[in-house]
Amino acid sequence: MKKSAALILILAVVAVAAAVTLTACATVSVTFDLNGGTVDGSGESVVMNVSGQLDLSEILPEKEDCAISGWTDEEGNFYGAYSVITPQDGMRLTAVYEGVLEYTRVDDGYAVSATEGYAGVNVVIPEEYNGMPVTEVAENAFSGCTSMKTLRIPDSVKRVGKGALSGCTSLESIVLPFAGASADTPVGVNNMGMAHMFGFSGGSSWAKDYSLKQVTVTDAATVIPNGAFEGMTSLQYVNLGENITEIGARAFSNCSNLVSVTLPEKCVSIGAYAFANCSKAAITVKGAITSLGSYSFSNSGITAITLGEGITSIPDNCFYGSSLRSITLPSSVTSVGSAAFRNCTRLTGVTVNSVVTLHSSAFSECSALTNDSLHFSSGGSFAFAEGVSGDTATLGSAFYRTGVTMYN
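Cut-offs and rules
- Residues numbered from 1 in each chain as written.
- Predicted model: local features only at pLDDT ≥ 70, side-chain atom pairs only at ≥ 80, totals over all residues.
- Heavy atoms only, no water.
- Patch = residues over 30% accessible without salt bridge, like charges linked within 9 Å, V, L, I, M, F, W, Y side chains within 5 Å.
- Areas by Shrake-Rupley, 256 points an atom, 1.4 Å probe, with all protein chains shown as cover.
- Salt bridge = Lys/Arg side-chain N within 4 Å of Asp/Glu carboxyl O.
- Lys, Arg positive; Asp, Glu negative; His and termini not counted.
- Charge placed at Lys NZ, Arg CZ, Asp CG, Glu CD.
- Helix = DSSP H or I, 4+ residues; strand = E, 2+ residues; numbered from the N terminus.
- Buried < 20%, exposed > 50% of the residue type's maximum accessible area, 1.4 Å probe, protein only.
- Phe/Tyr/Trp six-rings, centres within 6.5 Å; stacked < 30°, edge-to-face > 60°.
- Lys NZ or Arg CZ within 6 Å of the ring centre and 35° of its normal.
- Core = buried A, V, L, I, M, F, W, Y, C linked by side-chain atoms within 4.5 Å.
- Contact = heavy atoms within 4.5 Å.
- Pairing = 2+ DSSP bridges.
- Axes fitted to C-alpha atoms, helices over the stretch in contact; angles between N-to-C directions.

Visitor: Would you mind showing me how to read a negative patch on the surface here?
Guide: A cluster of like negative charges, contributed by E127, E128, D155, D219, E242 and E265, occupies part of the molecular surface. Locating E265 in the fold gives a position in the loop between β20 (260-263) and β21 (269-270). Look at E265 and you get exposed, because its relative accessible area is 58%.

This is the structure we're talking about:
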């Protein structure tokens, strides 16, 4: 009885397996709605009888100024144009198209833009088209392209039209040869930086609806212009090319979620407010800075910086409220401006190599400073600007609310 039951069970399993095999190999009918496209010149729907799996790349309809992106079924499921699927009998698939990149002849090459309906995700603009360089991203080129997550603009591009990225609210990462309107804009000229690319007129609040997190500026760039990334609160990581020599005023001002940025060795000049209010940012400075602007690193996360010979003064509020731990003033420095290091509560070391005149509140509220924090070379000492008291009990003192009681 046991052998008979086992035999029956085996036969049942074989029968089920055979039924499954027959079902899997059954021929099913699939209808392709070309949705305005054509196959072999015909716009009629295509009906295919399929056994087993279906390679959707067998049907690649053409449509003017568009490319096939994939197909949707009647339940709204999307299948990429090169997907392999197991279809159901009676399945109806409707073509989904995206626009394509198009190129317009300009004086020095081609300008690139996207046609209506463009739905690129990881977009790479080529350096050349039709044997000539792509030198321009046209005005409103990718306007409204909410699908785009990454974009690479080649070094061949010299100009970007206003609003080229307007409405690209899903863009998270971009590689570009400059920030703003053109590659040859001097650092001191306000070309509105990324605000220009996204179709705004600058300021600190335009980027609130955008999600750009990472920016790479290639070695083609030599400067970061005024206001380049100002107010981009989503920005977290910045990679700067090795040929950057100067950071313009307000370049990263109010990038409140910036996590890290490295200033390359050739970068020696930092404009006013360049990194103001970048309190979370780990700012690495590889070179020796010879020019600083007021508020350059105020309320920033910078912990260390090397100042080069040739810099003559630390401007007003330059490091106000920053995370700076120590500072060496080279022999060329003769003046520290008002509140230059005020409220640097982590500052524990100051090295002085010349006679330096301190202005009001220069080191006030640096609560970790003590007499032992000050280090003077043989020619180093402090002097006080007119009206600035050396008495720590005086509100206007350069060392108000610190542990410093002597200065030389």
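Visitor: Just checking my understanding: could you explain the packing of aromatic side chains for this structure?
Guide: Within a pair of aromatic rings, the relevant descriptors are the distance that separates the centres and the angle that separates the planes. Within the structure shown, the criterion is met by 17 aromatic pairs. Ring plane angle 5 degrees and centroid distance 5.3 Å describe the contact between F319 and F341, whose orientation is recorded as stacked. Of this pair, F319 sits in the loop between β24 (313-314) and β25 (326-329) while F341 sits in the loop between β26 (335-336) and β27 (349-352); the two residues are 22 residues apart in sequence, bridging distant segments of the chain. Seen in terms of ring centroids, F363 and F382 are 6.2 Å apart; in terms of plane orientation they differ by 50 degrees. Their pairing is tilted. Of the two residues, F363 is situated in the loop between β28 (355-358) and β29 (374-376) and F382 in strand β30 (residues 381-384); the sequence distance between them amounts to 19 residues. Side by side, F363 and F382 carry an identical accessibility label, which is buried. Connected via pairs of aromatic rings, a cluster forms that spans F229, F252, F275, F297, F319, F341, F363, F376, F382 and F399. Against the face of Y110 rests R105, its NZ or CZ located 5.8 Å from the ring centre.

Visitor: Quick question: what am I supposed to make of the nonpolar core here?
Guide: In this structure, F142, F229, I247, I314 and F341 are the most contacted members of the largest nonpolar core, which totals 94 residues. If we ignore the near neighbours within four places in the chain, the residues touching I247 are V187, I224, L240, F252, L263, C267, S269, I270, G271, A274 and F275. Counting 19 residues, the second-largest nonpolar core is a separate cluster that includes V50, I59, Y79 and A95.

Visitor: Explain the pairing of strand β22 (residues 282-285) to me, please; I cannot follow it from the model alone.
Guide: Looking down a regular strand, the side chains alternate between one sheet face and the other. Here β22 shows one buried face, formed by I283 and V285, and one open face, formed by A282 and T284. The pairing of β20 with β22 spans four bridges and is parallel. For S260, the partnering residue across the bridge sits in β22 and is A282.

Visitor: Mind showing me how you'd approach the sheet that holds strand β23 (residues 291-292) here?
Guide: Paired through their backbone hydrogen bonds, the strands of a sheet run either parallel or antiparallel. The strand order across the open sheet formed by four strands is β17-β19-β21-β23, and the pairing between neighbours is parallel. Among the strands making up the open sheet, the edge pair consists of β17 (223-224) and β23. Pairing analysis gives two bridges linking β17 to strand β19 (residues 246-247), with the strands arranged parallel. Across the sheet, I224 pairs through a bridge with I247, a residue of β19.

Visitor: Just to check I follow, could you spell out the sheet that holds strand β5 (residues 78-80) for this structure?
Guide: Sheet architecture is open: five strands sit in the order β2-β1-β7-β4-β5, paired in mixed fashion. In the strand order of this sheet, the two ends are held by β2 (46-51) and β5, each with one partner. The sheet shows a mean angle of 35 degrees between the axes of neighbouring strands, taken without regard to direction.

Visitor: Please explain the pattern of salt bridges as it appears in this structure.
Guide: A complete count under the given rule lists six salt bridges for this structure. Where D33 meets R92, a salt bridge forms, and the shortest distance between an N and an O atom there is 3.8 Å. Of the two residues, D33 sits in strand β1 (residues 27-33) while R92 sits in strand β7 (residues 91-99), which places them 59 residues apart along the sequence. By relative accessible area, D33 is classed as partly exposed at 22%. Of the charged contacts in the structure, one is a salt bridge between E136 and R159, with a shortest N-O distance of 3.1 Å. With E136 in strand β12 (residues 132-137) and R159 in strand β14 (residues 159-160), this pair connects stretches of sequence that are 23 residues apart. Each of the salt bridges in this network shares a partner with another, and the network as a whole consists of D108, E136 and R159.

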